[in-house]
Amino acid sequence: MLKCRTVWKKLAPLARTSSTLCRQNVRKAGLNNGRIPTHVPTAHMSSGLPGGGGDNLKYALLVGAASIGGVAYAYHTMKGDQQRYQARITELSSRSQKAAAKESVTPIQPQPPAVETTETKATTEPKPETAPSSQEPSPPASGTEAVATSETTELPPAVGFTPASLKLPSHAPYLLIGGGTASFAAARSIRARDPGAKVLIVTDEPDLPYMRPPLSKELWFSDDPSVTETLRFKQWNGKERSIYFQPSSFYINPEELDSVENGGVAVLTGKKVVHMDVRGNKVKLDDDTEISYDKCLIATGGVPRNLQVIERAGEEVMRRTTLFRKIEDFRSLDKVSRNVKSITIIGGGFLGSELACALGRRSTESDLEVIQMFPEKGNMGKVLPEYLSNWTTEKVKKEGVKIISEALVKSVTCKDDKLEIHLKDGRLVKTDHIVTAVGLEPNVDLANSGGLEVDSDFGGYRVNAELQARSNIWVAGDAACFYDIRLGRRRVEHHDHAVVSGRLAGENMTGASKPYWHQSMFWSDLGPDVGYEAIGIVDSSLPTVGVFAKATAKDTPKAATEESGTGIRSESETEDTATSAVASVTPAPVVENKDDYGKGVIFYLRDKVVVGIILWNVFNRMPVARKIIKDGEEHADLNEVAKLFNIHED
């Protein structure tokens, strides 16, 4: 039946041509014999007599030849189609056999770009993404991410979809500059509100979007010798996961972005945006490629600061100094820690203290000497009140770290294959390697070409309440300087802020027009036994009130992770629990050892109003803290407020 239909489609034009030619011959004969009735040519045409019979004969021959040619053409075409079909089936069968044979030889090996492209095309958007609810503070829902990063056996490739021969898209409806947490959160938010959206992420890193906190936390406590390659780790609760938000199969190939029917998220790795044409709605990459956009997000994060004395010290000192920020920095420092005798960490903040504890724990298993120096009197001296900073310093020392406080670096030299750190008070520290952890400089390289305003006080791109910098341009994450309706203009450098601001920017890029009101939190763990969560302005120069209680076995980061099921604690937050918080009626016990700050709450005050809160070994109570700051009320007795956190319950 199909063959007959195909033949008819081939012959139909010829039949119509024959009919037309017949009518033309009739009219021609009528004109040549004006006095003869119009039925005469019909008789002539059928009898073959003179007066039109020659034309009819030619016509009959033409129709016959055309019919024979049409049949021959149709036969040839169908035979060729059948041969090509058989060849395609054979090719696909052989390809699957080769792939199966290859997998049987090397079951855990990153796929080459050509194969990965084919697989991505076949599995693009296997099912609609789960739209994150307004209460979900992380870009991927906990369950979704667990499936994508923990249970998959695929290793995300170190290099994404940017082979030299890749044809880059010339236009992206949604262009996200930067490949970190904020960009990924925005991409998911855009896709949730616009399921057919085509999103392009451009990042100068060689990796697909990943979370940064484990680089200075859990990855260092992994027992897997290949952790630097797999980038999979066990959380404090023993569950395994990857630092990548999603495996490579989640994304589509950039070459397919223009043609994919249901949209998707594509990632250009190893590419840097160097120029913005705001009026023309387009950007230029470092290889001179131009990409136009409808909506654009800048989420470029920042770059680690370095000490000027180190930058001036020469090439050898710089070669032996790590500025910790990316996956490659984790891999490099891990390798260094296994091959040197001494590492010195300069900086006493979040990152410096976390790395000190991590390396200090490793030093107990080797001969590695770990030194941490900072200008403050104790660890976290700019954040914690002095008494708690001193207690934290003693805790870090117990992890095997040598602490040098009130240390100001004067110069660094290289002598006898050792780095010599000269302090301003005359002290000399010799070491093999330096890790500089002295803060982050927001990346505002696109400010000049884009005509974007940079905040002179806090740094970063200055944005409005909807995180918009200019028409069709939004900013999120570390690079955004935003206005907080409670605490004034701020710039925040933490994971939870990247999640929340990225998600909000994505919603506003699709027309939501929502203001930024969320108080983001941050957390830090000094190993599995001591951790804290904070919100608002936590500055040790502010007046503080601390309320503490005895800690129990469940008052540790490890226990909190076991209860919530995730080490990225912002993922387990919910807004509505704050409204149902009930103060504990248990009387506050007297702490026998006042120097044992097992768990507690520290309130930071400005004009008698709480503007910041630290929950010290108190977990899953952040919504309560957020509500206290949001209310902005004066409190006569903060001991009563502390009961809202149930710190006196065993």
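You'll find the structure just up there.
For clarity, every value in this text was computed on a predicted model and none was experimentally measured.

About the criteria used
Residues numbered from 1 in each chain as written. Predicted model: local features only at pLDDT ≥ 70, side-chain atom pairs only at ≥ 80, totals over all residues. Heavy atoms only, no water. Core = buried A, V, L, I, M, F, W, Y, C linked by side-chain atoms within 4.5 Å. Buried < 20%, exposed > 50% of the residue type's maximum accessible area, 1.4 Å probe, protein only. Helix = DSSP H or I, 4+ residues; strand = E, 2+ residues; numbered from the N terminus. Contact = heavy atoms within 4.5 Å. Pairing = 2+ DSSP bridges. Salt bridge = Lys/Arg side-chain N within 4 Å of Asp/Glu carboxyl O. Axes fitted to C-alpha atoms, helices over the stretch in contact; angles between N-to-C directions. Expected span 1.5 Å × (residues − 1).

Engineer: Please provide a residue-by-residue account of the nonpolar core, values included.
Structural biologist: If you look at the biggest cluster of nonpolar residues, it comprises 129 residues, and the most contacted ones within it are Ile243, Ile613, Ile614, Trp616 and Phe645. Of the residues forming this core, the biggest block, 6 residues, is contributed by strand E28 (residues 609-616). Ile614 has contacts with Val383, Leu384, Tyr532, Glu533, Ala534, Val538, Gly600, Val601, Ile602 and Tyr604, leaving out every residue within four places of it along the chain. Of all hydrophobic cores here, the second largest spans 15 residues; its members include Val309, Ile346, Ile371 and Val412.

Engineer: Quick one: what's the story with the sheet that holds strand E19 (residues 461-462), residue by residue and with numbers?
Structural biologist: The strands that make up a sheet are held in pairs by hydrogen bonds between backbone atoms, and each pair lies either parallel or antiparallel. One open sheet accounts for 3 strands, arranged E19-E22-E23; its pairing is mixed. One side of each edge strand has no neighbouring strand; the edge strands of this open sheet are E19 and strand E23 (488-490).

Engineer: Go over the pattern of salt bridges, please, and point to the residues and values.
Structural biologist: All told, the structure shown has 25 salt bridges when counted by the stated rule. The shortest N-O distance in the salt bridge between Glu205 and Arg212 comes to 2.9 Å. Classification of Arg212 as partly exposed rests on a relative accessible area of 22%. We note a salt bridge from Asp478 to Arg325, for which the minimum N-O separation is 3.1 Å. With Asp478 in the loop between strand E21 (473-475) and strand E22 (480-484) and Arg325 in the loop between strand E10 (321-323) and helix H10 (327-337), this pair connects stretches of sequence that are 153 residues apart. Each member of the pair, Asp478 together with Arg325, is buried. One network of salt bridges, with partners in common, ties together Glu316, Arg319, Arg320 and Asp417.

Engineer: An account of the sheet that holds strand E13 (residues 401-404) is needed here, citing residue identities and associated values.
Structural biologist: What the 5 strands build is an open sheet, ordered E10-E17-E11-E12-E13; its pairing is parallel. A single partner strand is all that each edge strand has here, and the edge strands are E10 and E13. Neighbouring strand axes in the sheet, compared pairwise and without regard to direction, differ in orientation by 20° on average. Relative to strand E17 (residues 433-436), E10 runs parallel, the two being bridged by 3 bridges. Bridging from a neighbouring strand, Thr322 pairs with Val435 of E17. Sheet strands touched by helix H11 (residues 350-363): strand E11 (342-346), strand E12 (369-373), E13 and E17. Its angle to E12, the strand with the most contacts, is close to 160°.

Engineer: Requested: an account of helix H6 (residues 181-193), with residues and values cited.
Structural biologist: Look at H6: 19 Å from first C-alpha to last across 13 residues, which is about the 18 Å you get at 1.5 Å a residue. Counting buried positions over the 13 residues of H6 gives 11, a clear majority of the element.

Engineer: Can you lay out helix H12 (residues 386-398) for me, pointing to particular residues and giving the numbers?
Structural biologist: Look at H12: 19 Å from first C-alpha to last across 13 residues, which is about the 18 Å you get at 1.5 Å a residue. The set of residues buried in H12 consists of Leu388, Ser389, Trp391, Thr392, Thr393 and Val396. Contacts made by the buried residues of H12 are with H11, E12, E13, strand E26 (544-549), strand E27 (599-606) and E28. Where H12 terminates, the next one or two residues include Gly400, which has phi positive at roughly 95°.

These values are about where atoms sit, not about what they do.
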